[in-house]
Amino acid sequence: MKKKKINKKMRKKIILIIFLILAILIVKQIISMIFGNSEPNEITLLLNNNLIQTKDEIIKEDDVIYLSKEDVGALLDTNMYYNEAEKELITTYNKHIALLKVDEDFMVINDSNAELTSPMIKRNDKIYLPFSEMGIVYDLEFEYSENNKRLIGEDLSKEKKKAITLKNFKLKNKPSLFSMETQKVLQGEYITIIEDASKKYFKIRTSDGNVGYVKKKRVSNPEVVREHWENEKIDVAVIKEASDVSKDYSKAILNKEKQNTVIPTFFFLDKEGEILDKTASTTDEYKSYINWTKENNIEIWATLENNIDVSNVLLNYTDRNKVINDLYKKLVDYQFTGININFNKIDDVNSFNRFVIELTPRLKELGIKVAITNNKMVDKDKLSKVVDMIIE
């Protein structure tokens with residue numbers, strides 16, 4: 001009798017354990033269906049393997065993905081500028097400056113036209129950029145998953161590794177055996193390796209733009225398909241006492257640990273928007289100075305000055321671009337490695353800021369450094385994030 005009671009209790013325990021296992025499996029499957037296999041209703045953005053919560057709706061029209069001006073600005077360009085009167089938008093990023101106009105099927109990148117499949121548009125009183133077509137501006141590589149309704153963007157400066165799945169598996173949300181499983185991944189699919197998460201697991205991204213973990217033995221050895229690169233940073237020493245061509249610079253004390261640089265005033269911006277050449281390049285004095293800088297491996301960051309109100313020639317994009325192109329040409333002709341903006345008078349801070357913001361990517365494209373000389377009129381907090389150096 002006692003033995004029967006024990007067997008009955010054991011049966012109850014076994015049944016309870018089986019019931020709990022089944023319940024866990026059912027709940028797990030339901031969660032997987034909700035989060036891993038459900039059909040998405042809205043378009044989402046995965047940028048550098050991070051799912052982005054945009055403020056405004058993401059729009060898809062004619063296979064082009066649109067983001068609002070506010071969302072693109074928050075993500076990539078806090079200095080974005082929109083001129084309501086002209087219905088034109090100016091955006092800068094790294095080595096690129098782009099001008100777009102509402103309903104025009106092209107954009108201007110670094111002063112060259114580039115066609116757009118679809119233009120910048122206005123919807124519900126908001127400006128929307130054809131984001132999926134602007135990879136060339138923001139140094140991004142885009143893919144779109146129709147199945148997952150997800151735009152996937154990757155920074156072209158970051159290393160990229162790919163692998164092939166060796167068998168079917170389900171993506172895990174954590175690098176552990178008992179973590180929740182989400183998307184089913186089929187054998188032979190190309191995946192992106194995000195990181196070496198642990199001894200046994202890779203963190204990966206599927207072709208649908210889902211991010212999770214998989215055991216290393218289930219994928220092939222990762223192959224690097226894009227190398228990491230970044231702009232070289234140099235430590236600069238400005239030799240101010242050697243920045244006047246007419247004075248004795250031969251005894252200037254040079255810094256052995258840094259890149260020595262001089263900032264002679266070679267250019268002047270006048271009230272007509274013309275850049276006057278003050279190099280006196282045909283004189284023996286100038287030629288001797290250039291030879292001295294070359295012999296001592298000293299870089300020349302030519303200074304652009306003014307001493308009058310010039311906001312009238314920097315008020316709009318067209319006028320600023322004229323000045324920028326003129327300066328661009330002079331720097332290339334003289335083969336100077338940098339420019340220093342030293343305005344003795346700034347009557348309109350916003351125009352000056354826009355000039356520096358729009359000038360910098362054009363010169364970065366050539367590897368030319370940009371500095372500004374600080375004074376009480378300079379918006380140091382804003383421009384320190386744009387230029388290579390602020391000279392005190």
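Summarised in this report is the structure supplied together with it. Predicted model, so just to flag it, every value in this text is computed and none were measured.

The probe, sized like a water molecule, is rolled over the atoms to show the empty space still left. Taken as a whole, the largest pocket holds about 1200 Å³ of empty space. Forming the walls of the largest pocket are 37 residues, and the residues nearest its centre are Asn94, Asn231, Lys364, Val386 and Asp388. Secondary structure elements with two or more residues in the lining of the largest pocket: strand S6 (88–93), helix H6 (349–364) and helix H7 (380–383). The dominant element in the lining of the largest pocket, judged by the number of residues it contributes, is H6, at four residues. Looking at the lining of the largest pocket residue by residue, the class counts come to 12 nonpolar, 10 polar and 15 charged.

What follows is about the sheet that holds strand S7 (residues 96–101). Ordered in space as S5-S6-S7-S8-S9, the five strands form an open sheet in which the pairing is antiparallel. A single partner strand is all that each edge strand has here, and the edge strands are strand S5 (81–83) and strand S9 (112–115). Neighbour to neighbour, the strand axes of the sheet diverge by 25 degrees on average, direction disregarded. Two strands pair when backbone bridges link them, and S5 and S6 are joined in this way by three bridges, in the antiparallel orientation. What sits directly across from Asn83, in S6, is Glu88. Strand contacts of helix H5 (residues 317–334): S6, S7 and strand S8 (106–109), with the helix running at about 40 degrees to S6, the strand carrying the most contacts. In this fold H6 packs onto S5, S6 and S7, with an angle of close to 55 degrees to the strand it touches most, S6.

Before going further, it helps to examine the sheet that holds strand S1 (residues 44–47). Strand order in the open sheet formed by four strands is S2-S1-S13-S12, with mixed pairing between adjacent strands. This sheet does not close on itself; its edge strands, each paired only once, are strand S2 (50–52) and strand S12 (140–145). Across the sheet, the axes of successive neighbouring strands diverge by a mean angle of 25 degrees, strand direction being ignored. Bridge count for S12 against strand S13 (residues 150–155) is six bridges, and the pairing is antiparallel. From the neighbouring strand, Leu140 faces S13, where its bridge partner is Asp155.

To continue, consider H6. The α-helix winds at 3.6 residues per turn, so residues separated by three or four positions along the chain end up facing the same way. Between its first and last C-alpha atoms H6 spans 23 Å; for 16 residues at 1.5 Å apiece the expected length is 22 Å, and the two agree. Most of H6 is tucked away: 13 of the 16 residues are buried.

The rules behind the values
- Residues numbered from 1 in each chain as written.
- Predicted model: local features only at pLDDT ≥ 70, side-chain atom pairs only at ≥ 80, totals over all residues.
- Heavy atoms only, no water.
- 1 Å grid on protein atoms, 1.4 Å probe; cavity = no way out; pocket = protein on both sides within 12 Å on 5 of 7 lines; lining within 4 Å.
- Points joined across faces, edges and corners; volume = space filled by probe spheres on them.
- Helix = DSSP H or I, 4+ residues; strand = E, 2+ residues; numbered from the N terminus.
- Nonpolar A, V, L, I, M, F, W, Y, C, P; charged D, E, K, R; others polar.
- Pairing = 2+ DSSP bridges.
- Axes fitted to C-alpha atoms, helices over the stretch in contact; angles between N-to-C directions.
- Contact = heavy atoms within 4.5 Å.
- Expected span 1.5 Å × (residues − 1).
- Buried < 20%, exposed > 50% of the residue type's maximum accessible area, 1.4 Å probe, protein only.

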